Amino acid sequence: MNLTLRIWRQNGPEDKGAIHEYQVKGISEESSFLEMLDVLNEELFARGEEPIAFDSECREGICGQCGIVINGIAHGPEVTTTCQLHMRHIAEDPSFSDGDTITIEPWRSAGFPIIRDLMVDRSAYDKIIQAGGFVSVNTGGVPDANAIPIPKANADMAMDAAACIGCGACAAACKNG
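In this convention, every chain numbers its residues from 1, walking through the sequence in written order. Per-residue local features are limited, in this predicted model, to residues with pLDDT of at least 70; the limit for side-chain atom pairs, both in listing and counting, is 80 or more; totals at the level of whole chains, interfaces and linings are taken over all residues. To get the side-chain values, take all heavy atoms of the structure and skip hydrogens and water.

1. Brief notes about the overall build of the chain
Each helix and strand in the chain was counted, giving 5 helices and 7 strands. Think of it this way: any DSSP run of H or I at least four residues long counts as a helix, any run of E at least two long counts as a strand, and we number them from the N terminus. Starting at the N terminus and walking to the C terminus, you meet the elements of the chain as β-β-α-β-β-α-β-β-β-α-α-α. Evaluated residue by residue, the chain yields a buried proportion of 36% over its 177 residues. Of the contacts made within the chain by residues no fewer than 6 positions apart, 61% connect residues no fewer than 24 positions apart. In these tables, accessible area is a Shrake-Rupley quantity obtained with a 1.4 Å probe, and a residue counts as shielded only by the protein chains included in the view. Roughly 10,500 Å² of accessible area belongs to the chain as shown, and the carbon and sulfur atoms make up 54% of that amount. For every residue, the accessible area obtained with a 1.4 Å probe (protein chains only) is divided by the maximum for its type, and the residue is called buried under 20%, exposed over 50%, and partly exposed between those limits. Should any heavy atoms of two residues lie within 4.5 Å, those residues are considered in contact.

2. Considerations on unusual backbone geometry
Where the residue is not glycine, phi is negative for most of them; where a peptide bond is considered, it is trans in most cases. Positive phi outside glycine occurs at H75, with the angle close to 70°. By secondary structure assignment, the location of H75 is in the loop between β4 (73-74) and α2 (87-92).

3. Some points on the packing of aromatic side chains
Note on aromatic contacts: the rings of Phe and Tyr and the six-membered ring of Trp form a pair at centre separations within 6.5 Å, being stacked when their planes are under 30 degrees apart, edge-to-face when over 60 apart, and tilted otherwise. All told, the structure shown has 2 aromatic pairs when counted by the stated rule. Centre to centre, the rings of W107 and F112 are 6.3 Å apart; their planes meet at 50°, and the pair counts as tilted. There is no split in this pair, since W107 and F112 are both buried. For F112, a relative accessible area of 2% gives the class buried. Either the NZ atom of lysine or the CZ atom of arginine qualifies as a charge over a ring when it sits within 6 Å of the ring centre and within 35 degrees of the ring normal. For R108, the ring lying beneath its charged end belongs to W8, and the centroid distance is 4.2 Å.

4. Brief notes about the environment of S123
Relative to the elements of secondary structure, S123 occurs in helix α3 (residues 123-130). Put simply, S123 and P113 are 10 residues apart on the chain and 9.8 Å apart in space, counted from C-alpha to C-alpha. A distance of 2.7 Å separates a polar atom in the side chain of S123 from a polar atom in the side chain of D121. Polar contacts, as used here, are pairs of N or O atoms within 3.5 Å; protein pairs need one atom able to donate a hydrogen and one able to accept it. Residues neighboring in sequence count only if both atoms are side-chain atoms.

5. Overview of the nonpolar core
Among the nonpolar cores identified, the biggest contains 34 residues, and L5, I7, F33, L37, I104 and L118 are the most heavily contacted of them. Among the secondary structure elements, those contributing two or more residues to this core are β1 (3-9), β2 (18-24), α1 (33-46), β3 (69-70), β5 (101-105) and α5 (169-173). In terms of residue count, the dominant contributor to this core is α1 (6 residues). Residue types Ala, Val, Leu, Ile, Met, Phe, Trp, Tyr and Cys, when buried and joined through side-chain atoms within 4.5 Å, form a set referred to as a nonpolar core.

6. Some words on the layout of surface pockets
Each cavity reported here is a set of points on a 1 Å grid over the protein atoms alone in which a 1.4 Å probe fits but cannot get out, each pocket an open set with protein on both sides within 12 Å along at least five of seven lines, and each lining residue one with an atom within 4 Å of a point. Grid points are joined across faces, edges and corners, and a volume is the space filled by probe spheres set on the points. By volume, the largest pocket amounts to about 520 Å³. What lines the largest pocket is a set of 20 residues, and nearest its centre among them are V79, D160, A163, C164 and I165. Elements represented by at least two residues in the lining of the largest pocket include exactly β4, α4 (152-162) and α5. A breakdown of the residues in the lining of the largest pocket according to their chemical character gives 11 nonpolar, 7 polar and 2 charged. Residues were grouped as follows: Ala, Val, Leu, Ile, Met, Phe, Trp, Tyr, Cys and Pro as nonpolar; Asp, Glu, Lys and Arg as charged; and all remaining residues, including Gly, as polar.

7. Observations concerning α1
Compared with an ideal rise of 1.5 Å per residue, which puts 14 residues at 20 Å, α1 spans 20 Å between its outermost C-alpha atoms and is within 8% of the ideal. Within α1, burial applies to F33, L34, M36, L37, L40, N41 and L44. On an axial view of α1, the arc spanned by its buried residues comes to 150°, and they lie on one face. In α1, the exposed residues that point more than 90 degrees away from the buried face are E42, F45 and A46. Multiplying 1.5 Å by the helix residue count minus one yields the expected span of that helix. The arc in question is the one traced by the directions running from the helix axis out to the C-beta atoms.

8. Observations regarding the side chain of D117
The residue D117 is located in the loop between β6 (114-116) and β7 (119-120) in this model. Since its relative accessible area comes to 0%, D117 is described here as buried. Here A53 takes part through its backbone nitrogen, which lies 2.9 Å from a polar atom of the side chain of D117. Excluding residues that lie within four positions of it along the chain, D117 makes contacts with W8, R9, Q10, P51, I52, A53 and P106.

Structure below.
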């Protein structure tokens, strides 16, 4: 795949920052989104330019560090983490195709101040998660799971919420952030 990437570059918290445009060619549809950024960084390094800073830890979809905004959507067009977003998904999405432009930015929330490029300071959010999340109401003990029948749609939503990895996409995408 050949793509044009419009990427937010910012040297530090005090720098104004701006979108810079890069061309990437020959990206495999089997590579992940972060691997595609790795390819671009290798090209930048080879040219003597500063690589793009972005967070990634496990690259397995469980750490929540790879939070970026892709075309205005936290983590991009799939319901997954950025590291688990593969280029084949983008290739199959009718809104993206070979030769298109993709805009990549950091979280845009006061709660996630920019450190550099696509890296944000997650420390305030991490403190909330470590303290037990946003739940502050004592709801009592856990009832027997079979004692209260609930609709399948509600059970499915509960399972989705339980799968939260604490990445911060919900807070970063919130207009109140």
